[in-house]
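Below are the chains, spelled out letter by letter.
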Amino acid sequence: MRYELAAAFLAQKLDVDTLNEIVSQLAYAPLLYDNGDTIEADDFAAGLQIELADEARDAAGKLYDLAVRACRRWSGEAEYELLQDCLALQADLWRAGSLSIGDWMRWLERAGDGLVELPKYDFETLFADLPEGFSIHDFHDQLLYLLEERPDHEWAARERDALYERLGARSGA
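Residues numbered from 1 in each chain as written. Predicted model: local features only at pLDDT ≥ 70, side-chain atom pairs only at ≥ 80, totals over all residues. Heavy atoms only, no water.

A.B. asks: Would you take a moment to explain the nonpolar core for this structure?
C.D. replies: Of all hydrophobic cores here, the largest spans 58 residues; its most connected members are Leu5, Tyr64, Leu83, Ile101, Trp104, Trp107 and Leu108. Elements represented by at least two residues in this core include exactly helix H1 (4-10), helix H2 (16-28), helix H3 (41-46), helix H4 (54-73), helix H5 (77-95), helix H6 (101-112), helix H8 (136-149) and helix H9 (154-166). Setting aside residues no more than four positions away along its own chain, Leu83 makes contact with Ala70, Cys71, Trp74, Trp107 and Leu118. (Core = buried A, V, L, I, M, F, W, Y, C linked by side-chain atoms within 4.5 Å. Buried < 20%, exposed > 50% of the residue type's maximum accessible area, 1.4 Å probe, protein only. Helix = DSSP H or I, 4+ residues; strand = E, 2+ residues; numbered from the N terminus. Contact = heavy atoms within 4.5 Å.)

A.B. asks: What exactly am I supposed to notice about the pattern of salt bridges here?
C.D. replies: A side chain of one charge can pair with a side chain of the opposite charge when the charged atoms of the two come close. Applying the stated criterion across every chain yields a total of 10 salt bridges. Here Asp113 makes a salt bridge to Arg69, at a shortest N to O gap of 2.0 Å. Residue Asp113 is found in the loop between H6 and helix H7 (123-126), and its partner Arg69 is found in helix H4; the two are separated by 44 residues along the sequence. One salt-bridge network, in which partners are shared between bridges, spans Glu51, Asp54 and Arg57. (Salt bridge = Lys/Arg side-chain N within 4 Å of Asp/Glu carboxyl O.)

A.B. asks: How should I be thinking about a nonpolar patch on the surface in this particular structure?
C.D. replies: A cluster of nonpolar side chains, namely Tyr28, Leu31 and Leu32, defines an oily patch on the protein surface of about 330 Å² accessible area. When you line up the elements, Leu31 lands in the loop between H2 and H3. (Patch = residues over 30% accessible without salt bridge, like charges linked within 9 Å, V, L, I, M, F, W, Y side chains within 5 Å. Areas by Shrake-Rupley, 256 points an atom, 1.4 Å probe, with all protein chains shown as cover.)

A.B. asks: Could you clarify how one ought to interpret the packing of H5 against H8 in this entry?
C.D. replies: Packed helix pairs are specified by the crossing angle of their axes together with the interaxial distance, meaning the distance between the axes. Put simply, H5 and H8 touch, their axes get as near as 8 Å, and they point 40 degrees apart. Here H8 runs oblique to H5, going by the angle between their axes. Two secondary-structure elements touch here, H5 through Leu82, Asp85, Ala88, Leu89, Asp92 and Leu93 and H8 through Ile136, His137 and His140. Residue classes in the contact of H5 with H8 are distributed as 5 nonpolar, 2 polar and 2 charged. (Axes fitted to C-alpha atoms, helices over the stretch in contact; angles between N-to-C directions. Parallel < 35°, antiparallel > 145°, perpendicular 65-115°, else oblique. Nonpolar A, V, L, I, M, F, W, Y, C, P; charged D, E, K, R; others polar.)

A.B. asks: Could you clarify how one ought to interpret H6 in this entry?
C.D. replies: Each α-helix turn comprises 3.6 residues. Residues three or four places apart therefore point the same way. The end-to-end C-alpha separation of H6 is 16 Å, in line with the 16 Å expected for 12 residues at 1.5 Å each. Looking only at H6, the buried set comprises Ile101, Gly102, Trp104, Met105, Trp107, Leu108, Glu109 and Ala111. (Expected span 1.5 Å × (residues − 1).)

A.B. asks: What is the right way to read H5 from this model?
C.D. replies: With 19 residues, H5 should cover 27 Å at 1.5 Å per step; its first-to-last C-alpha distance of 27 Å lies within 8% of that length. Inspection of H5 places Tyr80, Leu82, Leu83, Gln84, Asp85, Cys86, Leu87, Leu89, Gln90, Ala91, Leu93 and Trp94 among the buried residues, and these make up the whole buried set. Gly97 occupies a position one or two residues after H5 and carries a positive phi of about 85 degrees.

A.B. asks: Just to check I follow, could you spell out the environment of Glu51 for this structure?
C.D. replies: If you trace the backbone, Glu51 turns up in the loop between H3 and H4. The exposure class assigned to Glu51 is exposed, which follows from its relative accessible area of 71%. Once the C-alpha coordinates of Glu51 and Thr18 are considered, the two residues, 33 residues apart in sequence, prove to be 9.2 Å apart.

A.B. asks: Explanation requested: the confidence of the model for the chain in the structure shown.
C.D. replies: When pLDDT is low, close inspection of the predicted coordinates is not appropriate. Confidence in the prediction for the chain averages 89 pLDDT; 97% of positions are at 70 or higher. The least confident element of the chain, judged by mean pLDDT, is H1 at 72; the most confident is H9 at 95. (pLDDT = per-residue confidence, 0-100.)

A.B. asks: Is there a simple way to explain the packing of aromatic side chains in this structure?
C.D. replies: Both the distance between ring centres and the angle between the ring planes are used here to describe each pair of aromatic rings. In this structure the tally under the stated criterion is 7 aromatic pairs. With centroids separated by 5.3 Å and ring planes inclined at 50 degrees, the aromatic side chains of Phe123 and Phe139 adopt a geometry described as tilted. Taken together, the residues span a long stretch of sequence, with Phe123 in helix H7 and Phe139 in helix H8 at a distance of 16 residues. Here Phe123 falls in the buried class, since its relative accessible area comes to 9%. For Phe139, a relative accessible area of 0% gives the class buried. Here a set of aromatic residues connected by ring pairs shows up, and it is made of Tyr121, Phe123, Phe134, Phe139 and Trp155. (Phe/Tyr/Trp six-rings, centres within 6.5 Å; stacked < 30°, edge-to-face > 60°.)

Next up, the structure:
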């Protein structure tokens, strides 16, 4: 599959602010729904705060179509909540340069095709005294904190790298 959005960005037909707006909607729009059964590509586009040129609108639409397929795959309440958290973390990883838009689109496509699974953890086993609602995003933050305190922390580096791989991102090392 050709990822027009990634190609448009690389060809400098989209500036980083426009791409950031498109990506923000990818992470934000699913939060407006209780499950993934009803969200549509137009729901993502409707939240954009900027007007997109035709080429950018078409390319963003293809990204949002991939997101809808992933939402449908994990439409159950618990799975959908995990997907929402993963999309938000992926947006942060994209902003940090650890996830390219092309790799993210590839992950979404594979997710919609049933070729990837969402990362799942038993956080209660990993950490003591967790706040209610501890999430993948929180886990990522905890891993980064551990690595900031001790850059040689093997477990945290291994878990971060495994999480990144599951989300289609490059290692944080």
